[in-house]
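Descriptive analysis of the structure
Here are the chains, one letter per residue:
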Amino acid sequence: MSEDAILRLKQTALFEKLLEKENSSGEHEVSENIILVVREIAPLLERIPENMPEFTLHNANHSVKVVELMGKIIPSNTLKYLNIIELSILIYSAYLHDIGMTASREEREEIIKNDPEFSKLLISYEELSLKLDEAKQNEDHRLATFIEDKLFTEFLRRKHVERSNKFIEVKYGSERTPISWKGIPYYKLVQSVCDSHGLPVRDLYDTKRWRRNFLLGSKRINVQYLSIILRLADILDLDPERTPRCLLDFINPKDEISIKEWKKHLSIIGCEISPQEINIEAECEHPIYERALREFIDEIETERKESVLLTSRYKDDLAEKYRLDLLKPVTKENIRSNEEYIYSDFHFKLDFHRVIDLLMGERLYGDPTLTLRELLQNSVDAVRYREAMEKNEGNPYVPFIKVTLKDEELIIEDNGIGMDEYIFENYFLQIGKSYYNSSECRSRGIEIDPVSEFGIGILSIFMVASNFRVESRRKPIDPLHPSEPINVEIPTAYDYFVRRPSSRVEIGTKITLSLKSNHPFSSISLVEKISEIAPFIEYPIVIETSEKTETYKPYLPGEKIHDVKDTKEYFEIVFNDKIKGIEGKLRIFGSIDNSNTIFGKSEYSVFAQNGFSIPCDKLLPENLFYNIQASINISGQSKLSLSPNRLDIVNDERYEKLIDIIQSGIMQAYEKYLITLRDSVPTIEYAEIVNKLLEVNIHSFPDKRRIGGGFVYKKKEVLKFVEYLFLNYAPLLTISDDGQRTYKMMKDLNKANLAIVGINDWEEKISDAIILKEARRLIGEETVLLMDEEKSSFPRYYFLDKILGNFSNIYITSIPGLVIISFNDQINEGTFSLCYNRSFTYQMHNDSIEKAPLFVHPPVIDDWQDDPYTFNDVIYNASHPLFAKLLNYNKPQDEISSEALKLLVYQVEKCLQHLLERVDSPSFKRNHRCKESANINYVLVGVLKYNPQIFKEFYEAIEEYWREAQNIGAISHDEDFIGFSLDDLPWFWNYELTDFER
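Just so you know, the residues in each chain are numbered from 1, in the order the chain's sequence is written. Per-residue local features are limited, in this predicted model, to residues with pLDDT of at least 70; the limit for side-chain atom pairs, both in listing and counting, is 80 or more; totals at the level of whole chains, interfaces and linings are taken over all residues. To obtain the side-chain values, all non-hydrogen atoms of the structure were included, while hydrogens and water were left out.

The chain appears in an unreviewed UniProt entry as Chaperone protein from Methanosarcina mazei. UniProt positions are given in the numbering used here, feature names are shortened, and annotations may be inferred rather than shown by experiment. Note on the chain: under the UniProt heading Sequence similarities (unreviewed entry), the record states "Belongs to the heat shock protein 90 family."

Before going further, it helps to spend a moment on the overall build of the chain. Helical segments are the DSSP runs of H or I of at least four residues, strand segments are the runs of E of at least two, and each set is numbered from the N terminus. What the chain contains, in helices and strands, is 34 helices and 33 strands. Each residue is placed in one exposure class: buried if its accessible area under a 1.4 Å probe, protein chains only, is under 20% of its type's maximum, exposed if it is over 50%, and partly exposed if it falls in between. Here the chain holds 998 residues, and the buried ones make up 52% of them. Two residues form a contact once any of their heavy atoms are found within 4.5 Å. Within the chain, contacts between residues at least 6 apart in sequence are counted, and of these 72% link residues at least 24 apart. When the accessible surface of the chain is summed, it comes to about 46600 Å², and 48% of that surface belongs to carbon and sulfur atoms. Per-residue accessibility takes into account occlusion by the displayed protein chains alone, with areas from the Shrake-Rupley method and a 1.4 Å probe.

The phi dihedral of Glu339 falls on the positive side, at around 75 degrees, and the residue is not glycine. Summarising the element assignment, Glu339 is placed in the loop between strand E7 (335-337) and helix H17 (351-359). For Asn610, which is not glycine, the phi torsion reads 55 degrees and is therefore positive. With respect to the secondary-structure elements, Asn610 resides in the loop between strand E18 (606-609) and strand E19 (612-614).

This part is about the packing of aromatic side chains. Each aromatic pair joins two rings of Phe, Tyr and Trp (for Trp, the six-membered one) with centres within 6.5 Å, and gets the label stacked for planes under 30 degrees apart, edge-to-face for over 60, and tilted for any other angle. Tallying each qualifying case throughout the model produces 33 aromatic pairs. With a centroid separation of 6.0 Å and 20 degrees between ring planes, the pair formed by Phe832 and Phe840 is classed as stacked. A ring is considered to have a charge above it if a Lys NZ or an Arg CZ atom is located within 6 Å of its centre and within 35 degrees of its normal. The ring of Tyr655 has Lys618 sitting right over it, with the charged end atom 5.6 Å from the ring centre.

Here we take up the sheet that holds strand E15 (residues 549-552). Read across the sheet, eight strands follow the order E12-E11-E10-E13-E9-E8-E14-E15 without closing on themselves; strand pairing throughout is mixed. Looking along the sheet, the strands with just one partner apiece sit at the ends: strand E12 (498-499) and E15. We treat two strands as partners when DSSP finds at least two bridges between them. Across four bridges, the pairing between strand E14 (residues 541-545) and E15 is antiparallel. In the strand pairing of E15, Ile541 is matched with Tyr552. Axis angles are defined between N-to-C directions and span 0 to 180 degrees, where every axis is a line fitted to C-alpha atoms and, for a helix, only to the segment in contact. Contacting strand E8 (401-406), strand E9 (409-414), strand E13 (508-515) and E14, helix H19 (residues 370-393) crosses the sheet at an angle of about 20 degrees to E9. Contacts from helix H22 (residues 526-533) reach E8, E14 and E15, with the element oriented near 150 degrees to E14.

Next up on the list: the pattern of salt bridges. What counts as a salt bridge is simple: a side-chain nitrogen of Lys or Arg found within 4 Å of a carboxyl oxygen of Asp or Glu. Considering all chains together, one arrives at 49 salt bridges under this definition. The closest approach of N and O atoms between Arg108 and Asp149, which form a salt bridge, is 2.5 Å. Of this pair, Arg108 sits in helix H7 (residues 105-114) while Asp149 sits in helix H10 (residues 141-172); the two residues are 41 residues apart in sequence, bridging distant segments of the chain. You can call Arg108 buried: its relative accessible area is 10%.

What follows covers the pairing of strand E21 (residues 731-735). Among the five residues of E21, five are classified as buried, and the element is accordingly described as predominantly covered. As paired strands, E21 and strand E22 (residues 741-745) are joined by five bridges and run antiparallel to one another. Note on E22: the bridge partner recorded for Leu732 is Lys744. Hairpin connection from E21 to E22: five residues lie between these consecutive antiparallel strands, with Gly739 at a positive phi of about 85 degrees. Two strands pair when backbone bridges link them, and E21 and strand E24 (residues 784-788) are joined in this way by two bridges, in the antiparallel orientation.

Right, let's get into the sheet that holds E7. With mixed pairing, the three strands of this open sheet are ordered in space as E5-E6-E7. The open sheet has two free edges, formed respectively by strand E5 (268-273) and E7, since each of these has just one partner strand. If you compare each strand with its neighbour and ignore which way they point, the axes differ by 5 degrees on average. In terms of strand pairing, E5 meets strand E6 (residues 278-284) through five bridges, oriented antiparallel. Looking at E6, one finds that Ile273 is bridged to Ile278. On top of the sheet, helix H15 (residues 287-311) reaches E5, E6 and E7; it is set at about 170 degrees to E6, its chief contact.

On to the environment of Val943. Among the secondary structure elements, Val943 is positioned in helix H32 (residues 943-946). Each residue touching Val943, except ones within four places of it in the same chain, is listed here: Leu915, Val919, Phe924, Ile950 and Trp989.

This part takes up the packing of H7 against H10. Their axes nearest at 11 Å, the elements H7 and H10 cross at an angle of 100 degrees. By the angle between their directions, the pair H7 and H10 is classed as roughly perpendicular. Between H7, through Glu107, Arg108, Ile111 and Ile112, and H10, the contact on the second element is made entirely by Thr145, Glu148, Asp149, Phe152, Phe155 and Arg163. Among the residues forming the contact of H7 with H10, the class breakdown is four nonpolar, one polar and five charged. For classification purposes, angles smaller than 35 degrees are called roughly parallel, those larger than 145 roughly antiparallel, those between 65 and 115 roughly perpendicular, and all remaining angles oblique. Classification convention: Asp, Glu, Lys, Arg as charged; Ala, Val, Leu, Ile, Met, Phe, Trp, Tyr, Cys, Pro as nonpolar; all other residues, Gly among them, as polar.

Turning to the pairing of E24, a few remarks are in order. For E24, a buried count of five out of five residues is recorded, marking the element as mostly surrounded by other parts of the structure. Of the two faces of E24, the one holding Val784, Leu786 and Asp788 and the one holding Leu785 and Met787 are both buried throughout. What joins strand E23 (residues 754-759) to E24 is helix H26 (residues 768-778), and the crossover it makes is right-handed. For crossovers, right-handed means that the path from the first strand over the helix to the second runs clockwise, given strands pointing away from the viewer.

This brings us to the packing of helix H23 (residues 653-680) against helix H24 (residues 683-695). Two numbers describe how H23 lies on H24: the axes approach to 10 Å, and their chain directions differ by 155 degrees. Overall, the two elements H23 and H24 adopt an arrangement that is roughly antiparallel. Our pair here, H23 against H24, has a crossing hand that is right-handed. The residues of H24 that touch H23, namely those facing Tyr670, Tyr673, Leu674, Leu677 and Arg678, are Tyr686, Ile689, Val690 and Leu693. Residue composition of the contact of H23 with H24, by class: eight nonpolar, no polar and one charged. Handedness of each helix crossing follows the sense of rotation of the near helix against the far helix: counterclockwise by less than a right angle gives left-handed, clockwise gives right-handed.

What follows covers the environment of Phe612. Mapped onto the elements of the fold, Phe612 is located in strand E19. Discounting residues that sit within four places of it in the chain, Phe612 has contacts with Arg373, Leu376, Gln377, Val380, Val451, Ile533, Ala534, Pro535, Ile537 and Phe607.

Below, the discussion takes up the nonpolar core. Nine residue types can take part in a nonpolar core, namely buried Ala, Val, Leu, Ile, Met, Phe, Trp, Tyr and Cys, and a core is a set of them joined through side-chain atoms within 4.5 Å. Grouped together as the largest cluster of nonpolar side chains are 124 residues, with contacts concentrated most on Leu586, Phe607, Phe855, Phe954 and Trp989. Considering every element that reaches this core, the biggest residue donor is H23, with eleven residues. Excluding residues that lie within four positions of it along the chain, Leu586 makes contacts with Phe571, Glu572, Ile573, Phe575, Phe607, Ile628, Gln629, Ala630, Ile632, Ile662 and Ile666.

Right, let's get into the side chain of Asn809. Considering the arrangement of structural elements, one finds Asn809 in strand E25 (residues 809-812). In this structure Asn809 comes out as buried when scored by relative accessible area, which is 9%. For this analysis, a polar contact is any N or O atom pair within 3.5 Å, provided that within protein one partner can donate a hydrogen and the other can accept it, and provided that sequence-adjacent residues contribute only side-chain to side-chain pairs. A distance of 3.0 Å separates polar atoms of two side chains, one belonging to Asn809 and the other to Ser808.

Turning to helix H29 (residues 895-919), a few remarks are in order. Counted at 1.5 Å a residue, the expected span for H29 with its 25 residues is 36 Å, and the 36 Å between its end C-alpha atoms agrees. The N-terminus of H29 is capped by Asp894, whose side-chain oxygen sits 3.2 Å from the backbone nitrogen of Ile896. Multiplying one less than the number of residues by 1.5 Å gives the expected span of a helix.

Once that is clear, we can look at the side chain of Ser379. Note on placement: Ser379 falls in helix H19. Its relative accessible area of 3% is what places Ser379 among the buried residues. For Ser379, the side chain forms a polar contact with the side chain of Asp414, separated by 2.8 Å. What Ser379 contacts, discounting residues up to four positions off in sequence, is Ile401, Ile412 and Asp414.

Laid out in structure tokens, this is it:
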């Protein structure tokens with residue numbers, strides 16, 4: 001899609017004019033940057049329908065169409081005058097003005113749950129809000145989700161301009177932004193133009209925000225004029241490629257058939273756009289389309305008139321260069337009826353069609369292949385029912401289910417109980433009724449645990465088929481008076497059905513779908529798809545295609561369905577309780593290379609209900625989400641409430657009961673595994689295995705930040721259990737009194753005397769005995785010093801942080817690079833968070849000089865080379881004069897101080913990022929006198945001696961912060977810069993390496 005978008009962009013008048021101007025100068029920086037941005041943005045724009053399924057297209061085609069329309073609106077003389085920066089801003093704004101309509105699933109859920117703006121929106125829609133509350137109270141998950149979807153779509157529509165601004169800031173607001181020219185970034189101008197399309201034209205009169213003569217390098221930029229052009233081009237994208245939002249809102253289609261009908265009847269015959277005028281010709285086949293068109297043309301005319309009025313205020317050179325010649329009004333005289341109706345404002349709402357559209361559309365089911373699931377569920381229920389009946393009667397019975405994919409037909413047939421006219425009329429035709437869940441079915445004395453619940457699944461057929469046929473014969477209750485077989489053709493969900501004669505003698509049902517041309521089924525992947533749908537059903541399925549016939553044999557619960565390479569299995573949890581209805585296994589894995597990406601989407605786990613797969617994400621514990629492989633079937637007492645499309649699990653008592661069983665089973669099995677391991681292997685080997693469990697997050701807290709999913713249930717109990725396991729079974733590496741490394745259990749240590757030193761991989765320079773001596777000198781003779789063992793081993797600090805609370809003190813010792821953190825029980829002491837969770841402390845001690853530095857790296861960062869972001873995880877000294885001016889103990893003094901804090905942290909972290917680039921460079925590693933280390937503070941010993949430029953960068957950054965703080969009022973303009981010296985950085989950064997070598 002990206003390359004198609006780029007190809008079409010290159011053919012636009014704006015891009016060609018840009019290239020023409022670049023060719024004359026011999027520089028192509030701007031056009032190349034545009035291609036780079038479009039290549040990144042086009043795929044994101046294609047994702048907008050995920051959250052706005054009923055919205056008009058806002059994809060890359062819309063963006064390039066906006067660029068094309070800009071070329072038509074702008075007079076030729078003005079187009080010749082526009083410089084390369086102005087042309088590029090127009091193109092960037094076309095692609096970025098709607099980017100705020102994108103949102104990930106996680107972001108969507110976060111907004112719905114916690115965003116105050118979404119809460120305000122919900123309150124403003126009183127009727128929808130009441131319906132949502134009622135749906136939740138009634139546990140009507142489908143309706144609640146439907147309402148939330150609608151509200152979230154409206155939220156994105158309202159907030160997308162603001163979100164687009166933020167996206168541009170985050171994505172292109174760095175120093176290396178591609179939206180730049182000769183090293184000068186101009187993304188803020190793009191932001192201003194994009195902001196304009198969500199505001200009234202009158203707001204553009206603010207020439208401070210939308211300047212007419214902004215100077216960028218040697219180029220003058222008329223941001224106001226560019227904003228006018230974007231607004232006009234955006235509103236004029238109304239041809240069949242992208243129908244205006246007002247029309248879509250008015251018609252409100254639900255599925256593909258509705259959209260096709262809508263497009264057929266909404267026929268815009270012609271649209272002529274030039275620098276002088278806009279003409280629209282339309283012949284409408286229904287008054288609702290004519291009414292919507294007329295209202296939309298009124299909006300276009302208002303935009304044209306106000307834009308012309310604004311540009312008419314230009315004087316002298318501006319008036320000559322930046323012209324808008326759309327002087328003719330946009331009229332409705334060419335919008336007409338097809339003479340089959342007289343225009344009026346009346347229209348009808350057909351609730352029946354709305355419901356049918358919903359029940360047979362992808363909006364409910366999501367994946368069209370779920371049609372196959374619904375049909376297989378019906379077959380399995382019918383076979384189970386007949387099997388139970390034949391067993392009660394003592395009759396032999398061989399179940400049979402077959403799926404055929406041939407000649408654009410999908411056929412599902414079985415030898416189950418079948419249907420007669422009564423069942424067909426009273427259950428099959430009654431949407432929302434399921435025979436197997438009815439009192440009539442239960443009264444027969446046949447006990448089965450049906451898969452079918454809602455009685456609506458049959459309508460999903462219309463997602464993939466234009467029509468279908470049902471042939472069936474029911475097993476007679478009275479063999480002497482059998483019922484007649486049925487043979488019914490169903491052309492659409494709206495029309496009457498066609499009943500035909502039948503001579504069928506076989507008991508069972510056959511459903512034949514006439515597939516649409518775009519159906520999702522393939523003879524190659526049919527077996528795989530059925531195995532995904534029905535992993536644990538008890539019956540084989542014969543699968544026949546035009547190529548071959550084969551038999552799918554389902555798995556047994558507990559079987560390993562997916563093999564996972566490069567992993568180690570630690571232990572398993574076996575469930576074999578048919579009474580409770582949970583059977584199978586959970587296997588706990590870890591990747592050999594310590595990666596946590598193997599199980600990212602739970603694709604290696606299988607949960608099923610009554611043999612048919614259900615979502616895994618909410619059934620795996622969060623703290624093991626990446627490290628668990630499930631092969632579980634649930635039924636009976638453990639059955640879960642599912643959404644109608646089977647894609648979500650309802651959070652109710654049954655759900656909580658099941659996850660309690662799963663969580664308890666894992667906890668018991670884990671402790672048993674650790675006990676067995678501890679008692680059967682040497683201490684060093686045991687420590688190595690426990691380290692692996694920590695590294696791959698098998699042993700972790702449930703609220704550790706993750707990208708995945710999973711449940712958190714009885715969080716306090718889990719926290720206590722994880723703490724209990726850590727205290728009793730996790731060996732900690734300590735330095736003994738004689739300076740030797742030895743393992744001890746946390747339960748054997750005094751918590752109040754603990755300190756952490758991190759990794760010591762410079763033993764030839766700094767012995768463990770010297771480190772212990774230094775720690776006890778600074779902290780106390782009873783200090784117990786913990787160490788991390790090697791690079792990538794899981795820092796014990798994270799567990800102690802949870803168990804003991806934040807560390808209380810940080811010591812910058814007299815030994816180069818040696819930083820120690822300690823703990824105590826004082827609630828008011830320790831670190832606190834500010835500025836996007838940055839850590840601050842008042843307890844930073846510098847043993848070498850009286851003044852403590854502005855910041856220091858804690859000793860627990862050992863993965864900075866693999867994860868560069870951790871390089872910025874420093875501890876800030878809240879007592880430092882730069883911070884002390886802004887803080888009232890552990891909070892900013894006011895909002896301005898809060899902004900100043902962010903500015904200061906930003907400047908520091910910008911320098912830290914540059915520092916990382918230097919210390920991680922081959923030249924630094926080659927010339928630095930000390931060997932490489934996983935301890936970042938060791939690496940930074942003498943770094944200023946090696947590269948004095950680093951201090952200069954910090955000095956200039958702090959100086960820049962001072963000016964910015966004065967500009968926002970955090971510091972008085974009369975106050976002189978307090979300066980920045982080497983003492984404001986950790987002292988060992990400026991340590992003479994030759995002294996260290998000696």
